[in-house]
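Understanding the architecture of this molecule
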Amino acid sequence: MKDMLGGVRIVDVTTIVMGPMASQILADLGADVVKVEPPEGDLARYSGTPGPDGISSIFASNNRNKRSIALDLRSPDGQEVLTRLIEGGDVVLHNMRPKAAERLGLSAEAVRRIKPSIVHCVAVGFGSGGPYAGTAAYDDVIQAASGLAALPLKVGRQPDYVPSIMADKVAALHIVYAVLAALMRRARTGEGCAVEVPMFEALAAFILNEHLGAATFEAGGKPGYQRLLSPHRRPFATADGWISALPYTEAQWRRTLAEIGRMDVTEAPWFATAPGRNANTATLYQILGAALATRTTAQCLAMFEALDVPHARVNTLDDLIDDPHLAATGFFRPTDDLEGRARSVPQPVAFHGVEDRPDRAPPALAADGAAVLEELGYSEAQVARMRADGTVL
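Residues numbered from 1 in each chain as written. Predicted model: local features only at pLDDT ≥ 70, side-chain atom pairs only at ≥ 80, totals over all residues. Heavy atoms only, no water.

Description of the overall build of the protein
To be explicit about the condition: Going along the chain from the N terminus, every DSSP run of H or I of four or more residues is numbered as a helix, and every run of E of two or more is numbered as a strand. Each residue gets one of three labels from its accessible area relative to the maximum for its type: buried under 20%, exposed over 50%, partly exposed in between, using a 1.4 Å probe on protein chains only. What makes two residues a contact is simply this: any of their non-hydrogen atoms within 4.5 Å. Accessible surface area values rest on a Shrake-Rupley calculation with a 1.4 Å probe, where residue burial reflects the displayed protein chains alone. None of His or the chain ends enter the tally, which takes Lys and Arg as positive and Asp and Glu as negative. Here the site of a charge means NZ on Lys, CZ on Arg, CG on Asp, or CD on Glu.
Scanning the protein from terminus to terminus reveals 16 helices and 9 strands. With respect to the principal axes defined by its C-alpha atoms, the protein has extents near 85 × 50 × 40 Å. Counting only residues that meet the buried cut, the protein has 45% of its 393 residues in that class. Considering only contacts within the protein whose residues lie at least 6 apart along the sequence, 68% involve residues at least 24 apart. Summing over all exposed atoms, the protein offers an accessible surface of approximately 20,000 Å²; the carbon and sulfur share of this is 57%. Averaged over its 38 positive side-chain charges, the protein has a centre that lies 4 Å from the centre of its 46 negative ones.

Thoughts on the environment of Asp168
Within the element layout of this structure, Asp168 appears in helix H7 (residues 166-189). Given a relative accessible area of 11%, Asp168 falls into the buried group. Asp168 sits 152 residues away from Ile16 along the chain, and the two C-alpha atoms are 9.2 Å apart. Not counting residues within four places of it along the chain, the set of residues in contact with Asp168 comprises Val17, Met18, Asp139 and Met199.

Description of the nonpolar core
Condition: Buried Ala, Val, Leu, Ile, Met, Phe, Trp, Tyr and Cys residues that are joined via side-chain atoms within 4.5 Å together make up what is termed a nonpolar core.
In terms of nonpolar packing, the biggest core is built from 40 residues, with Ile142, Ile175 and Val195 touching the most fellow members. Of all elements in the fold, only helix H1 (18-28), strand S4 (91-94), strand S5 (119-124), H7, strand S6 (193-198) and helix H8 (199-211) reach the threshold of two or more residues within this core. Ranked by residue count, the leading element in this core is H7, at 10 residues. If near-sequence neighbours (up to four positions away) are discounted, Ile175 is found in contact with Met18, Ala22, Leu93, Cys121, Ala123 and Val197. If you look at the next biggest cluster of nonpolar residues, it comprises 26 residues, including Leu73, Leu85, Met96 and Val372.

Focus on the sheet that holds strand S1 (residues 9-13)
We count it as follows: Paired strands are those between which DSSP finds at least two bridges. Interaxial angles span 0 to 180 degrees and are taken between N-to-C directions of axes, which are lines fitted to C-alpha atoms, for helices over the stretch in contact.
Strand order in the open sheet formed by 6 strands is S3-S2-S1-S4-S5-S6, and the pairing between neighbours is parallel. Strand pairing shows two members of the sheet lacking a second neighbour, strand S3 (66-70) and S6, which therefore form its edges. Taking each pair of neighbouring strands and ignoring which way they run, the sheet shows an average axis angle of 20°. Here S1 pairs with S4 via 4 bridges, running parallel. Looking at the pairing, Val11 lines up with Val92 of S4. Helix-sheet contacts for H1 involve S1, strand S2 (32-37), S3, S4 and S5, and the interaxial angle to S3 is about 135°.

Considering the packing of aromatic side chains
Stated precisely, the cut-off is as follows: What counts as a ring pair is set by centres within 6.5 Å for rings of Phe, Tyr and Trp (its six-membered ring), and what kind of pair is set by the plane angle: stacked under 30 degrees, edge-to-face over 60, tilted for all other angles.
In the structure shown here, the tally under the stated rule is 7 aromatic pairs. Pairing Phe126 with Tyr132 gives two aromatic rings, centres 5.3 Å apart and planes at 75°, and the pair type is edge-to-face. A relative accessible area of 7% means that Phe126 is categorised as buried. You can call Tyr132 partly exposed: its relative accessible area is 46%.

Observations regarding the pairing of S1
This is how the line gets drawn: The handedness of a crossover follows from its direction of travel: if, with the strands pointing away from the viewer, the path from the first strand over the helix to the second runs clockwise, the crossover is right-handed.
Counting buried residues along S1, 5 of its 5 residues qualify, which places the element largely inside the surrounding structure. Residues Arg9, Val11 and Val13 of S1 are buried on one face, and the alternating residues Ile10 and Asp12, pointing to the opposite face, are buried as well. Across 4 bridges, S1 lies against S2 in parallel orientation. Across the sheet, Arg9 pairs through a bridge with Asp32, a residue of S2. This β-α-β element, S1 to H1 to S2, shows right-handed connectivity.

Topic: the sheet that holds strand S9 (residues 311-313)
The sheet built from 3 strands is open, its strands ordered S7-S8-S9 with antiparallel pairing. Edge positions in the open sheet fall to strand S7 (236-237) and S9, since each of these has one partner strand only. Relative to strand S8 (residues 242-245), S7 runs antiparallel, the two sharing 2 bridges. Bridge pairing links Ala237 to Trp242 in S8.

Considering the packing of helix H9 (residues 250-259) against helix H11 (residues 281-292)
Put simply, the rule is: Take the far helix as your reference; a near helix turned counterclockwise from it by less than a right angle gives a left-handed crossing, and one turned clockwise gives a right-handed crossing. Charged means Asp, Glu, Lys or Arg here, nonpolar means Ala, Val, Leu, Ile, Met, Phe, Trp, Tyr, Cys or Pro, and polar covers whatever is left, Gly included.
Two numbers describe how H9 lies on H11: the axes approach to 11 Å, and their chain directions differ by 35°. Taken as a pair, H9 and H11 cross one another with a handedness that is left-handed. Together, Trp253, Thr256 and Leu257 of H9 and Leu284, Tyr285, Ile287 and Leu288 of H11 make up the contact between the two elements. Among the residues making up the contact of H9 with H11, the classes are represented as 6 nonpolar, 1 polar and no charged.

Let's talk about H7
Filter applied, for reference: One less than the number of residues in a helix, times 1.5 Å, gives the span that helix is expected to have.
With 24 residues, H7 extends 35 Å between its outermost C-alpha atoms, agreeing within 8% with the 34 Å of an ideal straight helix rising 1.5 Å per residue. For H7, the full list of buried residues reads Ala167, Asp168, Val170, Ala171, Ala172, Ile175, Val176, Ala178, Val179, Ala182, Leu183 and Arg186. Contact partners of the buried residues in H7: H1, S4, S5, helix H6 (139-145), S6 and H8. Of the residues one or two after H7, Gly190 is the one with positive phi, at around 80°.

Observations regarding a nonpolar patch on the surface
Applied cut-off: Candidates for patches are residues over 30% relative accessible area with no salt bridge; among them, like charges are joined within 9 Å and nonpolar side chains (Val, Leu, Ile, Met, Phe, Trp, Tyr) within 5 Å. Each reported salt bridge corresponds to a side-chain nitrogen of Lys or Arg within 4 Å of a carboxyl oxygen of Asp or Glu.
A cluster of nonpolar residues, Ile16, Leu43 and Tyr46, forms a patch on the protein surface that exposes about 320 Å² of accessible area. Looking at where Ile16 falls in the secondary structure, it is placed in the loop between S1 and H1. Residue Ile16 is classed as partly exposed on the basis of its relative accessible area, which comes to 32%.

This is the structure we're talking about:
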């Protein structure tokens, strides 16, 4: 944990991955994140592989360095606690649909009535200005809507989902920079603001960064970056495995073609220009693929190393666990004392010259409820009463 956001309190009313991943990054940077959970807990507590104490692998990867309070926001007392949290907070973050947020007093209008200087951030499926606003959205739905799932059609395959929660994680990173930017503006002006991060728009922008293509300049232009849409752009099969290799510049292609005995290709008129090579990507990839199929993975890796061409072995998930580079950098070392923790997924950004403090394990449900309520000014008798009536655990 880095003490870079010390003094910033975030009231985190998010669930599953998108919001919790974002708030964990902010917590890793030193923010005091108070995770407000329903009495039954965040659903992510029960997703993935359970650990010895019942905390799941998904929850463990997205909720370290936070404090947990379990609160029934449907009750008057729960609303009173929420109001006090907002009054003492700098950021309110949630990922509820608009109607649910209004019912529970978490709309931007309701929150900023309590504290106008607060940063209110809502993560939604679809932006509020369009016809899809308020529609339920999960990662699979957004992968489909954004065009990501249909990209395989361009290379002769069926639509498919990336087997990773891409939309959630892309949107989480947008949440982080949006909250940090809003906090910087508030530091300058004293003014809070309302921030909306839509998953659909976030992933669509992510995909269209390179794939807007000719539609960038022409009203009727076709989107798509053709080099990436070649059916031959894929890992190359070797004699005993798979490898990624990317000769990119003319010089790299010349060295590679010389090595595999195909310098005749360099005599083609199209080879002399980048647009020409891009237009003939399929031909280049086919030629390279045929040559690599006769060599072992080790031979291919050694060849591309000698040629100074970007390359990598195609790692499986199992390979990643034992990857020598990740081992050398301490990537997987446990950063907290979660029971049974063998590995952590760290923040990959390094801040040199900034003091590092030990991480706190993801909290058990309501583990910090009493401490948070005491900070908010509640007496032991009041806390006992709210526990008795089910407002808090």
